[in-house]
Amino acid sequence: MSLDLKEFLIKERGRHLEELKEFIRIPSVSADSLHKNDMRTAAEWLADQLRNSGLENVQIFETAGHPVVYGDWLHAEGKPTALIYGHYDVQPADPLDQWDTPPFEPVERDGRLYGRGATDDKAQLYTQVKTVEAFLKTRGSLPVNVKFCIEGEEEIASPHLAEFLESHQELLQADLIAISDGPMISSEQPSICYGLRGICGLELTVKGPKSDLHSGLFGGGVANPATALIKILSSMKDGQDRILVEGFYDGVFELDEAAHQAFRDIPFDEEKTRADLQVAALAGEEGYSFLERTSARPTLEINGLYGGYQGEGLKPIVPSDAGAKISCRLVDGQHPDDIFAKLKEHVAAHTPAGVTVNMTQTHRGKPFYISPQHPFIQAAAAAYEEGFGKKPVYIRSGGSIPIIEVFSRVLNAPVVMLDFGLPEEGMHAPNEYFQLENFDRGTATLCRFWTEIAEQGK
């Protein structure tokens, strides 16, 4: 990072931190209709910050849900155009009694900034905004053309953003998409994520008799939906945690030795993870490490079960229905609708007599992948090495951000994830925080990144 940019960021750090605290104080909870006005306040606040940072054409676009904030600076002739994506909405703060300090009153403690949305995604998004400001306030220009697209519905699965992207393709067209909205592998080791799993979520309901029945009078003579549910679920995996749904693994690329070695090169302590989770052993599909199972392999997980009496004591009944919530994480080559169709066929083939089953798809998102050798990823690697003083490792994430695949497909541009959060920072949990040292490292990384990208545009 050049001296002028570094001096500006050092000089203005106090102001940037106070602005970030203002941002966190806005309870922009997209999932709760009671915060609709707060969502508007956050969008307007953010639009003002983009203008103050030197961006042009700043607009607030209405959607069927919460608004999208846009701004650009497009005067780097002959250079690439980057679309920077982020979100200003946050998760609900519940349970409130588990917060050490009020969730929407940011507090600095031990080099951390605590508050709902601190790491997901307000501080990370703000590193992007303040990096752009540093260039424009010190040099009057950016090394690349920049557009911002900041939504208010990421925490509720971005229900209206795909439509917005489709209807504003010309406005949003770019050579790459940059996103800062996730964790690095650790505070000691920067990392670049080059793959995300997709998701297929569903609910399965097993229906039996018209009402709960006395188990003494009817037990043994009527199919029990709870028992039927257990039989259906147990048919989905074998004893080695391999999924038995026919065709489930179609299109999945097997990890070769080079891929296995890349995972072995990532500094990760399985035993520490086991101890931290307080479980007797880590488990999963045979033949794969913990990191491989949780990022590069597809999964089928039962997320919730219900059926019968749940209160204190015993109520001897045959329940009238039972159900399960299931999520499948998907990898390259899998499609959520195809997986749902295959699950429906499997369930139909394994449904016991005497019950009926209804299945509803609740979540769908395609996986995302970009080669670690892509020139933009290599530019990010050089930038992280300067910002963090250490070469990054390349990782895949087990989570799903479906809108990333939509960005890449609709705008036909590569996506680069420039994450500055940490796994332990409590995303979606009480006492969420952001390590402030990574705000400084993040802006330093981004200053180098945009310079590297500009070089590629020559």
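As shown above, the structure is provided for reference.
Read on for a plain summary of the structure. (Residues numbered from 1 in each chain as written. Predicted model: local features only at pLDDT ≥ 70, side-chain atom pairs only at ≥ 80, totals over all residues. Heavy atoms only, no water.)

**Focus: the nonpolar core**
Right, on to step 1. Ranked by internal contacts, the top residues of the largest apolar core, which has 101 residues, are Tyr-88, Phe-148, Leu-161, Phe-407, Leu-418, Phe-449 and Trp-450.
Right, on to step 2. If one sorts the elements of this core by residue count, helix α4 (residues 118-138) sits on top with nine residues.
Right, on to step 3. Not counting the four nearest positions on each side in its chain, Trp-450 is found in contact with Ala-82, Ile-84, Gln-128, Thr-131, Pro-143, Val-144, Leu-176 and Ala-178.
Right, on to step 4. Within the second largest apolar cluster, 27 residues are counted, among which are Ile-232, Ile-243, Cys-328 and Val-355. (Core = buried A, V, L, I, M, F, W, Y, C linked by side-chain atoms within 4.5 Å. Buried < 20%, exposed > 50% of the residue type's maximum accessible area, 1.4 Å probe, protein only. Helix = DSSP H or I, 4+ residues; strand = E, 2+ residues; numbered from the N terminus. Contact = heavy atoms within 4.5 Å.)

**Details of the layout of surface pockets**
Right, on to step 1. The calculated volume of the second largest pocket comes to roughly 320 Å³.
Right, on to step 2. If you trace the second largest pocket, you find 20 residues lining it, with Tyr-194, Ala-259, Ala-262, Phe-263 and Arg-396 closest to the centre.
Right, on to step 3. Counting residues per element, the ones that place at least two in the lining of the second largest pocket are α9 (257-264) and β16 (393-397).
Right, on to step 4. In terms of residue count, α9 provides more of the lining of the second largest pocket than any other element does, four residues in total. (1 Å grid on protein atoms, 1.4 Å probe; cavity = no way out; pocket = protein on both sides within 12 Å on 5 of 7 lines; lining within 4 Å. Points joined across faces, edges and corners; volume = space filled by probe spheres on them.)

**Thoughts on the packing of aromatic side chains**
Right, on to step 1. Summed over all chains, the structure comprises 14 aromatic pairs.
Right, on to step 2. Measuring from centroid to centroid gives 5.9 Å for Trp-45 and Tyr-126, while their planes differ by 35 degrees, and the two rings are tilted. Of this pair, Trp-45 sits in helix α3 (residues 36-52) while Tyr-126 sits in helix α4, and the two are 81 residues apart along the sequence.
Right, on to step 3. The exposure class assigned to Trp-45 is buried, which follows from its relative accessible area of 12%.
Right, on to step 4. By relative accessible area, which is 0% here, Tyr-126 ends up buried.
Right, on to step 5. Summarising the aromatic geometry, the rings of Phe-248 and Tyr-249 are spaced 5.5 Å apart at their centres and angled 75 degrees between planes, so their arrangement reads as edge-to-face. (Phe/Tyr/Trp six-rings, centres within 6.5 Å; stacked < 30°, edge-to-face > 60°.)

**Focus on the sheet that holds strand β15 (residues 368-369)**
Right, on to step 1. Taken in spatial order, the three strands make up an open sheet running β15-β8-β16, and their pairing is mixed. A strand with exactly one partner marks an edge of an open sheet, and here the two such strands are β15 and β16.
Right, on to step 2. Of the pairings in the sheet, the one linking strand β8 (residues 191-196) to β15 comprises two bridges and is antiparallel in character. Within the sheet, the bridge partner assigned to Leu-196 lies in β15 and is Phe-368. (Pairing = 2+ DSSP bridges.)

**With respect to the pairing of strand β13 (residues 321-330)**
Right, on to step 1. The element β13 is largely enclosed, with a buried count of seven among its ten residues.
Right, on to step 2. Across ten bridges, the pairing between strand β9 (residues 198-207) and β13 is antiparallel. Bridge assignment links Thr-205 to a residue of β13, and that residue is Gly-323.
Right, on to step 3. Where strand β11 (residues 301-307) lies against β13, six bridges are found, and the strand directions are antiparallel. Within β13, the position partnered with Leu-305 by the bridge is Ala-324.

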